Amino acid sequence: MREAAIVATARTAVARATRGGFNDTDAPALAAHVVNAAIERAGIDPARIDDIILGAGSQWGNQGFNVARTTVFAGGLPDAIAGTSVDRKCASGLTALAFAARGIIAGDMDVAIAGGVESITHTRDYAPTHRARPNAVIDAKPHAYMAMIETAEIVAKRYGISREAQDELAAQSHHRAAAAAAAGRFDAEIVPMAVRKNIVEKDGSISGTEDITVSADEGIRADTTLEGLARLKPVWRDGAVIREGKFVTAGNASQLSDGASAQVVMDRATAEAEGREILGIYRGFQSAGCAPEEMGIGPVFAIPKLLERAGLSVDDIGLWEINEAFASQLLYCRDKLGIDPEKLNVDGGGIALGHPFGMTGSRLVGHALIEARRRGVSWAVVSMCVAGGMGAAGLFEIPN
């Protein structure tokens with residue numbers, strides 16, 4: 001049976017949306033940068049690529065019109081390379097990798113690019129139709145379009161996740177990410193990108209531009225304290241209406257961000273015959289649905305499906321990367337599944353690093369493979385909750 005091997009990974013640093021380094025850089029440019037970097041790192045002739053599969057959570061604006069195909073154009077790649085885009089919201093990048101790996105295993109492809117991109121700066125308020133709520137959906141499932149931040153409030157309330165516990169996790173995320181950045185543990189992933197940045201004033205106006213190189217994740221705050229987090233007010237927007245919450249703040253939720261990530265996936269036997277470095281072997285992917293108002297608990301359904309099919313238990317997994325969409329949902333998933341906190345998000349997560357929806361799954365895979373090898377563990381799981389009430393999880397074996 002053919003196996004799918006990941007032989008290269010590359011990502012941009014994660015930039016803050018709106019005011020960050022990529023606020024004048026469109027999605028195809030971000031994606032093209034990391035796709036070309038991954039190809040170069042793998043030492044693969046682009047002519048060998050059978051397909052590019054990219055995830056994007058908001059497929060309109062400059063992420064519309066099949067961003068995988070426009071990435072081929074933006075990257076100067078051969079016209080012969082096809083592309084397709086995947087939308088599973090927060091799991092788009094992981095789903096893209098699973099689809100590519102399955103194509104390799106089935107023998108439909110020999111070499112593929114998988115990844116994800118999100119420019120929240122350019123898509124957040126682009127399309128009025130994005131906010132359409134079809135009656136056929138609302139009538140059947142009233143909470144189908146519930147804001148993710150509201151679902152995090154519901155999870156915290158229903159499952160007894162205290163504000164204090166959420167703030168403690170947030171502080172830990174920043175401290176772990178800061179320590180990892182200082183130690184250079186993200187360096188093997190990040191490909192610096194020279195861009196033009198808009199200078200955004202407090203009133204939202206643009207006063208000029210500057211040329212910069214984005215080479216480090218912008219959201220990490222090493223000086224985060226519990227006292228500072230406790231002072232933040234739990235409020236959120238429902239359209240134009242500001243609502244008060246009880247648990248979720250800007251400090252214990254993932255940041256809105258821009259970025260892209262990509263991997264080169266190929267047949268393992270071919271990779272070994274060509275002497276290529278193998279970062280990891282794809283061993284499975286599962287998705288699962290749950291109530292949309294509890295979307296954050298999706299991993300508690302996807303992960304057991306994944307492990308059962310692989311014949312593994314939670315204790316067999318040496319490293320876990322579960323997206324920190326919100327502290328409340330991560331804490332619930334961690335404790336419900338019995339995951340060791342010392343094996344989970346060891347270098348921080350989305351609360352510190354940010355969460356560009358389409359990029360996240362791919363970024364987590366790249367980091368998990370590199371960090372798992374550094375730690376000498378054989379199995380890594382990447383998982384996340386997904387907007388609309390879903391969870392997704394991928395399993396990877398790391399050759400040591």
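Provided above is the structure to which this section pertains.
What this report covers is the structure whose coordinates are included nearby. (Residues numbered from 1 in each chain as written. Predicted model: local features only at pLDDT ≥ 70, side-chain atom pairs only at ≥ 80, totals over all residues. Heavy atoms only, no water.)

## A closer look at the overall build of the protein chain
Here's step 1: In terms of regular secondary structure, the protein chain is built from 13 helices and 14 strands.
Here's step 2: In terms of principal-axis extent, the alpha carbons of the protein chain reach across some 60 × 50 × 50 Å.
Here's step 3: The buried share of the protein chain, reckoned over its 400 residues, is 56%.
Here's step 4: In the protein chain, 77% of the contacts between residues at least 6 apart in sequence involve partners at least 24 apart.
Here's step 5: Roughly 15900 Å² of accessible area belongs to the protein chain as shown, and the carbon and sulfur atoms make up 50% of that amount. (Helix = DSSP H or I, 4+ residues; strand = E, 2+ residues; numbered from the N terminus. Buried < 20%, exposed > 50% of the residue type's maximum accessible area, 1.4 Å probe, protein only. Contact = heavy atoms within 4.5 Å. Areas by Shrake-Rupley, 256 points an atom, 1.4 Å probe, with all protein chains shown as cover.)

## Points about the pairing of strand S5 (residues 111-119)
Here's step 1: When you tally the buried positions in S5, you get 9 out of 9 residues, the bulk of the element.
Here's step 2: Residues Val111, Ile113, Gly115, Val117 and Ser119 line one face of S5 and the alternating positions Ala112, Ala114, Gly116 and Glu118 line the opposite face, and both faces are buried.
Here's step 3: As paired strands, strand S3 (residues 51-55) and S5 are joined by 5 bridges and run parallel to one another. Within S5, the residue paired with Asp51 across the bridge is Ala112. (Pairing = 2+ DSSP bridges.)

## Looking at unusual backbone geometry
Here's step 1: Its identity is not glycine, yet Asn66 carries a phi of approximately 65 degrees, on the positive side.
Here's step 2: Among the structural elements, Asn66 can be located in the loop between S3 and helix H2 (67-74).
Here's step 3: Of note, Lys89 is a non-glycine position whose phi angle comes to about 45 degrees, a positive value.
Here's step 4: By the element assignment, Lys89 lies in the loop between strand S4 (82-86) and helix H3 (92-106).

## Some remarks on the packing of aromatic side chains
The description of an aromatic ring pair rests on the distance of the ring centres and on the angle between the ring planes.
Here's step 1: Across all of its chains, the model carries 2 aromatic pairs by this definition.
Here's step 2: Ring geometry for Tyr159 and Tyr332: centres 4.3 Å apart, planes at 35 degrees, overall tilted. With Tyr159 in the loop between helix H6 (148-158) and helix H7 (163-182) and Tyr332 in helix H11 (residues 327-337), the pair connects residues that are 173 residues apart, well separated along the chain.
Here's step 3: The class of Tyr159 is partly exposed, set by a relative accessible area of 31%.
Here's step 4: The interplanar angle of 70 degrees and the centroid separation of 6.3 Å between the aromatic rings of Tyr282 and Phe396 together place this pair among those described as edge-to-face. One end of the pair, Tyr282, is in strand S11 (residues 280-289); the other, Phe396, is in strand S14 (residues 390-397), and 114 residues separate them in sequence. (Phe/Tyr/Trp six-rings, centres within 6.5 Å; stacked < 30°, edge-to-face > 60°.)

## Looking at the nonpolar core
Here's step 1: Core analysis: the largest hydrophobic core is formed by 48 residues, its most contacted members being Val7, Ile52, Ile113, Val117 and Val264.
Here's step 2: Looking at which element gives the most residues to this core, the answer is helix H1 (residues 27-42), with 9 residues.
Here's step 3: When neighbours within four sequence positions are excluded, Val117 is seen to be in contact with Ala27, Leu30, Ala31, Gly55, Ala56, Gln63, Val67, Gly259, Ala260, Gly358 and Met359. (Core = buried A, V, L, I, M, F, W, Y, C linked by side-chain atoms within 4.5 Å.)

## A closer look at H1
The α-helix winds at 3.6 residues per turn, so residues separated by three or four positions along the chain end up facing the same way.
Here's step 1: Between its first and last C-alpha atoms H1 spans 23 Å; for 16 residues at 1.5 Å apiece the expected length is 22 Å, and the two agree.
Here's step 2: When we look at burial in H1, the residues that qualify are Ala27, Pro28, Leu30, Ala31, Ala32, Val34, Val35, Ala37, Ala38, Ile39 and Ala42.
Here's step 3: Residues of H1 that are buried in the fold lie against strand S1 (4-11), S3, H2, S5, strand S6 (193-200) and strand S10 (257-267).
Here's step 4: Here H1 starts with a cap whose side-chain oxygen sits 3.0 Å from the backbone nitrogen of Ala29, and that cap is Asp26.
Here's step 5: Count one or two residues on from H1 and you reach Gly43, which has phi positive near 70 degrees. (Expected span 1.5 Å × (residues − 1). Polar contact = N/O pair within 3.5 Å; in protein donor to acceptor, adjacent residues only side chain to side chain.)

## What to know about the state of the cysteines
Two cysteines form a disulfide when their sulfur atoms are joined by a covalent bond.
Here's step 1: Overall, the coordinates contain 0 disulfides when judged by the stated rule.
Here's step 2: Between Cys385, a cysteine without a disulfide, and Cys90, which holds the nearest cysteine sulfur, the sulfur-to-sulfur distance is 5.9 Å. (Disulfide = S-S within 2.5 Å.)

## Remarks on the packing of H1 against H2
Here's step 1: Viewed as axis vectors pointing N to C, H1 and H2 meet at an angle of 70 degrees, and their least axial separation amounts to 8 Å. The angle between H1 and H2 falls in the class roughly perpendicular. Our pair here, H1 against H2, has a crossing hand that is right-handed. Contacts between H1 and H2 involve Ala27, Pro28, Ala29, Ala31, Ala32 and Val35 on the former and, on the latter, Val67, Thr70, Thr71 and Ala74.
Here's step 2: Looking at the contact of H1 with H2, its residues break down into 8 nonpolar, 2 polar and no charged. (Axes fitted to C-alpha atoms, helices over the stretch in contact; angles between N-to-C directions. Parallel < 35°, antiparallel > 145°, perpendicular 65-115°, else oblique. Left-handed = near helix turned anticlockwise from the far one by under 90°. Nonpolar A, V, L, I, M, F, W, Y, C, P; charged D, E, K, R; others polar.)

## So, the pattern of salt bridges
Here's step 1: Across all of its chains, the model carries 20 salt bridges by this definition.
Here's step 2: For Glu274, the salt bridge identified is with Arg48, shortest N-O distance 2.9 Å. Here the residue Glu274 occupies a position in the loop between helix H9 (268-273) and S11, and Arg48 occupies one in the loop between H1 and S3, the gap between them amounting to 226 residues.
Here's step 3: Judged by its relative accessible area of 36%, Glu274 falls in the partly exposed class. (Salt bridge = Lys/Arg side-chain N within 4 Å of Asp/Glu carboxyl O.)

## A few points about the environment of Val35
Here's step 1: In this structure, Val35 sits in helix H1.
Here's step 2: For Val35, a relative accessible area of 0% translates into the label buried.
Here's step 3: Other than its neighbours up to four places away in sequence, Val35 contacts Ile52, Thr71, Leu77, Ile113 and Ala262.

Scope: geometric values only; no functional claims are made or implied.
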